[in-house]
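# Results of the structural survey
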Amino acid sequence: MCCPTFLPLRGRLIRTNCPRDCYDNCGIVVRAGRDGRVIVSGDPGHPINRGTLCAKCATAYNGVWQDPEARLTTPRRRVGPKGDAAFTPIGWDEALTEIAERTQRIVDDHGPESVLHTHYSGTLSLLAYAFPMRFFHRLGATEVEPDSICNLAGHVAWSSMFGTSVAGFDPRTAVDSSCVVVWGANPSHSAPHMDRHWLGEFPGSVVVVDPVRTDSAARADLHLQPYPGSDAAVAFAILNALQALGAFDRAFISEHVHGAEELISSLGPYTPEWGEQQSGVPASQIRRAAELYAAGPALLWAGQGLQRQPTGANVMRAIGLLPTLTGNIGKPGAGISYLNIAPALMGADFDELAGASLAAAPVPKINHIGLASGLEDPQRFRSLFCWNTNPLASAAEQTRLRAALRRHDLFTVVVDCFATDTADHADIVLPAAGFLEFDDLTFNYMTPIIGAQQQVRSPVGDSFPNQEIFRRLATAMGYTEPELYETDDVLIERLLAQMNVGLSFEELAERGHTYLGDEPLDPFAELRFRTPTGRIEIASEAASNAGLSRLPTPAVDNRPTDGRFRLLSPSSPWQLNNSHGNDPTILRRAGAATVTINPDDAAELGITDGDPVRLSNPAGRLQLHAKVEAMTPRGVLVSHKGRWPKLEPSGRNVNALHEPHSSDIEGCSAVHGTEVTVEVVT
Ligand code: SF4
């Protein structure tokens, strides 16, 4: 394999930004290295990461992402049985012609909806993430709703309440804040620089609510550690304590809240002592959390893990009552944040970027938890396009999905940078360029920052950026709509103009990033809420229509019985979803897959640290190494997600244990509701 050709480095530093599915969106500097490589490190001038990268990206961006032996470098055609990863390299023309001919035959014989495409957040820069949608809108394919695996229940819940779930506090407002509550998020793994610099330097009190004693929780002023599924009870008990403190903002409520009195009048029974009974969180800690939040102004950061449980949407609405009833919204130092994308993309026309108008009819959709069952059915889907995602590592029902992907009559195309488990099941694999290899724009989940993703080297092998691959596929299909062929330059300049960035791409690239606005943005500053009543809706017809109760409730999940445990599978410090899961240095540092168990549970089951243990449930079985640590309440296990099944001794990862459980919003994954038994392997 020849060395890559370097483009514009010529001895100087180039700025770019990390486009992973991560809150930090770190600034990066790249310089020429030895032996045809570039050296990737953190941008000291970036306000979020201040010169460092997380250990996983610092390793993988200088490792597997630049290794032509690890990257996909040419299109491939399957030559062996499905799933055996036997391929032969072919040229782009041959690959595109075959894909176009077979796809058109399927469309002619079975309709465009028999083509399924699934995608998500592999490369999350704007063009790479959204532009390929134009092709599928034109085709009329069925889409796997991307957010249904990750955060959709939270979006539905907070949209019904606040009118939006993608606009929240600007972290710069922390200077005016006396308290931040981080509920169901683990910034130490999912936002490591926000954790170190923003939470670490937060001027007020930090309260973390999480069943797991994460590093963020351990450093907080107060850690509430409820049993999973009891968050709504904790929220109601804090509300009861806030009411006792006289912390409800009556003027705010009467002017800006719909349905408050009905809820407030029901709070009497939900004392901190009741909350302790339901959740295991001591009543004294519930009262202390209420005191800290009541001191205000206060911020609330809701994590995505929080809503991946059987009553996830109700939980989100329940914790949303804290800012609603105390008036902690629409003023400096106060606010909410879930996925704070709208301010970061102010004015960007996402529908246009994704070519929504190219769809001749409403886009048919399925949810991620229906992926395995959908693909099993030849009457339903005849073809699968999989791009920017690796469902055999990330989706539920892993064993069933693998069998479905082996269907001989399912024509499967995978677009990826690496030979993932999913790519091993393709008929045709197309090599995608990595983020160092093309220009794009990045955005941030919390801070209103736009970044330039700058090309610093030629694409590895014959790979192309996602957007170019789908332009070429459109040509092969004979499509003529000009939107399918817009160039990256045109798209980037239009997005910058829509967002009023006031810089050309070259100017932005020189700086690396820019804030959208000099002062902290507050999307609720005018206290206008895009709900039917124009108020924050505690009582919500939209929620009712989505299958939830009209008001949030203090509902608690039933505890597992018959010796079963609740299994949580959050992010590890070493993988970003499953990105980097094939980097050999990361694999070595992360060590073997483990499951963490509370010492009292371990003693009762005769498990000692390092023992091989087997987790089982109707979805499957998985052997892991026990890690005995007081990190969770009794009855709760933790095993991190993101490992590549084919690199595990068992050929499976933790998703082999995930049944297709839905949250209270139909079709959204409730992965943290998984229950398993655990036994020592003798
Ligand atoms: S994954 Fe997150 S923390 Fe790591 S470099 Fe990228 S943006 Fe920074």
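Presented here is an overview of the structure given in this document. Being a predicted model, the structure only gives us computed values, none of them experimental.

### What about the site of the ligand?
Around the ligand, a shell composed of Cys18, Arg20, Cys22, Asp24, Asn25, Cys26, Leu53, Cys54, Cys57, Pro192 and His193 is seen. The site holding the ligand turns out to be the second largest cavity. Counted by class, the shell around the ligand contains seven nonpolar, two polar and two charged residues.

### Examining the environment of Ala185
Of note, Ala185 is situated in the loop between strand 8 (179-183) and helix 6 (187-190). Given a relative accessible area of 7%, Ala185 falls into the buried group. Setting aside its immediate chain neighbours within four residues, Ala185 contacts Asp210, Trp301 and Gly303.

### Overview of the nonpolar core
Across soluble globular proteins, nonpolar side chains have a tendency to be buried as a group. Among the nonpolar cores identified, the biggest contains 65 residues, and Trp158, Trp183, Ile238, Leu242 and Leu325 are the most heavily contacted of them. The leading source of residues in this core is helix 9 (residues 231-244), at 10 residues. The next biggest cluster of nonpolar side chains, apart from the first, holds 53 residues, and it includes Val413, Ile428, Phe435 and Ala474.

### What about the sheet that holds strand 19 (residues 449-453)?
Read across the sheet, three strands follow the order 18-19-20 without closing on themselves; strand pairing throughout is antiparallel. Edge positions in the open sheet fall to strand 18 (440-443) and strand 20 (513-515), since each of these has one partner strand only. Strand-to-strand twist across the sheet, computed as the mean angle between neighbouring axes with direction ignored, equals 25 degrees. Bridge analysis of strand 18 against strand 19 gives four bridges, and the strand direction is antiparallel. The residue of strand 19 that forms the bridge with Asp440 is Gln453.

### Quick notes on the packing of helix 5 (residues 152-162) against helix 14 (residues 312-319)
Between helix 5 and helix 14, whose axes approach to 8 Å, the crossing angle comes to 40 degrees. In terms of their interaxial angle, helix 5 and helix 14 are classed as oblique. Pair helix 5 / helix 14 crosses with right-handed handedness. Counting all contacts with helix 5, which are made through Ala153, Gly154, Ala157, Trp158, Ser160 and Met161, the residues of helix 14 involved are Ala313, Met316, Arg317 and Ile319. For the contact of helix 5 with helix 14, the per-class residue count stands at seven nonpolar, two polar and one charged.

### Things to note about the layout of surface pockets
There is about 810 Å³ of room inside the second largest pocket. Surrounding the second largest pocket, 32 residues form its lining, Tyr129, Pro146, Asp147, Ile341 and Phe350 being those nearest its centre. Looking at the lining of the second largest pocket, the elements that each hand over two or more residues are helix 3 (126-130), helix 4 (132-139), helix 5 and helix 16 (350-353). Residues of the lining of the second largest pocket, tallied by class, amount to 20 nonpolar, six polar and six charged.

### As for a negative patch on the surface
A cluster of like negative charges, contributed by Asp489, Glu493, Glu506 and Glu507, occupies part of the molecular surface. Put simply, the parts of the chain that give the negative patch at least two residues each are helix 21 (488-498) and helix 22 (505-511).

### With respect to the packing of helix 9 against helix 13 (residues 283-295)
Where helix 9 meets helix 13, the axes come as close as 8 Å, and the angle between the chain directions of the two elements is 60 degrees. With respect to their mutual orientation, helix 9 and helix 13 come out oblique. Crossing hand, helix 9 versus helix 13: right-handed. Residues Ala237, Ile238, Ala241 and Leu242 of helix 9 touch helix 13, and the partners they reach there are Ile286, Arg287, Ala289, Ala290, Tyr293 and Ala294. Residue classes in the contact of helix 9 with helix 13 are distributed as nine nonpolar, no polar and one charged.

### Describing the pairing of strand 27 (residues 675-680)
Relative to strand 27, strand 22 (residues 565-568) is paired through two bridges, and the arrangement is antiparallel. Note on strand 27: the bridge partner recorded for Phe565 is Val676. Bridge analysis of strand 24 (residues 612-617) against strand 27 gives four bridges, and the strand direction is antiparallel. Considered in strand 27, the bridge of Leu615 is made with Val678.

### Considerations on the sheet that holds strand 7 (residues 142-144)
The strand order across the open sheet built from eight strands is 5-4-17-16-15-6-7-14, with neighbouring strands paired in mixed fashion. A strand with exactly one partner marks an edge of an open sheet, and here the two such strands are strand 5 (87-89) and strand 14 (365-366). Bridge analysis of strand 7 against strand 14 gives two bridges, and the strand direction is parallel. In the strand pairing of strand 14, Val144 is matched with Ile366.

### Focus on the packing of aromatic side chains
Taken as a whole, this structure holds 26 aromatic pairs when the rule is applied. With a centroid separation of 5.9 Å and an interplanar angle of 15 degrees, the aromatic rings of Phe169 and Trp198 are classed as stacked. Of this pair, Phe169 sits in the loop between helix 5 and strand 8 while Trp198 sits in helix 7 (residues 192-199); the two residues are 29 residues apart in sequence, bridging distant segments of the chain. By relative accessible area, which is 3% here, Phe169 ends up buried. One aromatic cluster is present, built from ring pairs that chain together Tyr23, Phe169, Trp198, Phe202, Trp301, Phe443 and Tyr445. For the cation-ring pair, Arg138 lies above Tyr479, with the distance from its terminal atom to the ring centre recorded as 3.9 Å. The cationic tip of Arg471 hangs over the ring face of Phe131; the distance from NZ or CZ to the ring centre is 4.9 Å.

### So, the pairing of strand 2 (residues 27-32)
Taken together, the four bridges between strand 1 (residues 14-17) and strand 2 define a ladder with antiparallel strand orientation. Paired with Ile14 across the bridge in strand 2 is Val30. Relative to strand 3 (residues 38-42), strand 2 runs antiparallel, the two being bridged by five bridges. Looking at strand 3, one finds that Val30 is bridged to Val40. In textbook terms, the turn of a hairpin is the stretch between consecutive antiparallel strands, and for strand 2 and strand 3 this stretch comprises five residues, one of which, Asp35, has a positive phi near 55 degrees.

### Considering empty space enclosed by the protein
Taken as a whole, this structure holds five cavities of 30 Å³ or more when the rule is applied. Space inside the largest cavity adds up to approximately 720 Å³. For the lining of the largest cavity, the secondary structure elements donating two or more residues are helix 18 (391-394) and strand 16 (411-416). Grouping the amino acids of the lining of the largest cavity by side-chain chemistry returns 17 nonpolar, 22 polar and six charged. Taken as a whole, the second largest cavity spans an internal volume of roughly 80 Å³. Considering the residues around the second largest cavity, the lining is formed by 13 residues, among which Cys18, Cys22, Cys26, Cys54 and Cys57 are closest to the centre.

### Considering helix 5
Here helix 5 lies mainly inside the structure; nine of its 11 residues are buried. Among the residues of helix 5, those classed as buried are Leu152, Ala153, Gly154, His155, Ala157, Trp158, Ser160, Met161 and Phe162. For helix 5, the elements touching its buried residues are strand 12 (298-302), helix 14, helix 15 (321-326), strand 13 (335-337), strand 21 (536-537) and helix 23 (541-545). Looking at the residues trailing helix 5, positive phi occurs at Gly163, about 85 degrees.

Each value, and the rule that gives it
Residues numbered from 1 in each chain as written. Predicted model: local features only at pLDDT ≥ 70, side-chain atom pairs only at ≥ 80, totals over all residues. Heavy atoms only, no water. Near = heavy atom within 4 Å. 1 Å grid on protein atoms, 1.4 Å probe; cavity = no way out; pocket = protein on both sides within 12 Å on 5 of 7 lines; lining within 4 Å. Sits in = over half its atoms within 2 Å of the grid points. Nonpolar A, V, L, I, M, F, W, Y, C, P; charged D, E, K, R; others polar. Helix = DSSP H or I, 4+ residues; strand = E, 2+ residues; numbered from the N terminus. Buried < 20%, exposed > 50% of the residue type's maximum accessible area, 1.4 Å probe, protein only. Contact = heavy atoms within 4.5 Å. Core = buried A, V, L, I, M, F, W, Y, C linked by side-chain atoms within 4.5 Å. Pairing = 2+ DSSP bridges. Axes fitted to C-alpha atoms, helices over the stretch in contact; angles between N-to-C directions. Parallel < 35°, antiparallel > 145°, perpendicular 65-115°, else oblique. Left-handed = near helix turned anticlockwise from the far one by under 90°. Points joined across faces, edges and corners; volume = space filled by probe spheres on them. Patch = residues over 30% accessible without salt bridge, like charges linked within 9 Å, V, L, I, M, F, W, Y side chains within 5 Å. Areas by Shrake-Rupley, 256 points an atom, 1.4 Å probe, with all protein chains shown as cover. Salt bridge = Lys/Arg side-chain N within 4 Å of Asp/Glu carboxyl O. Lys, Arg positive; Asp, Glu negative; His and termini not counted. Charge placed at Lys NZ, Arg CZ, Asp CG, Glu CD. Phe/Tyr/Trp six-rings, centres within 6.5 Å; stacked < 30°, edge-to-face > 60°. Lys NZ or Arg CZ within 6 Å of the ring centre and 35° of its normal.

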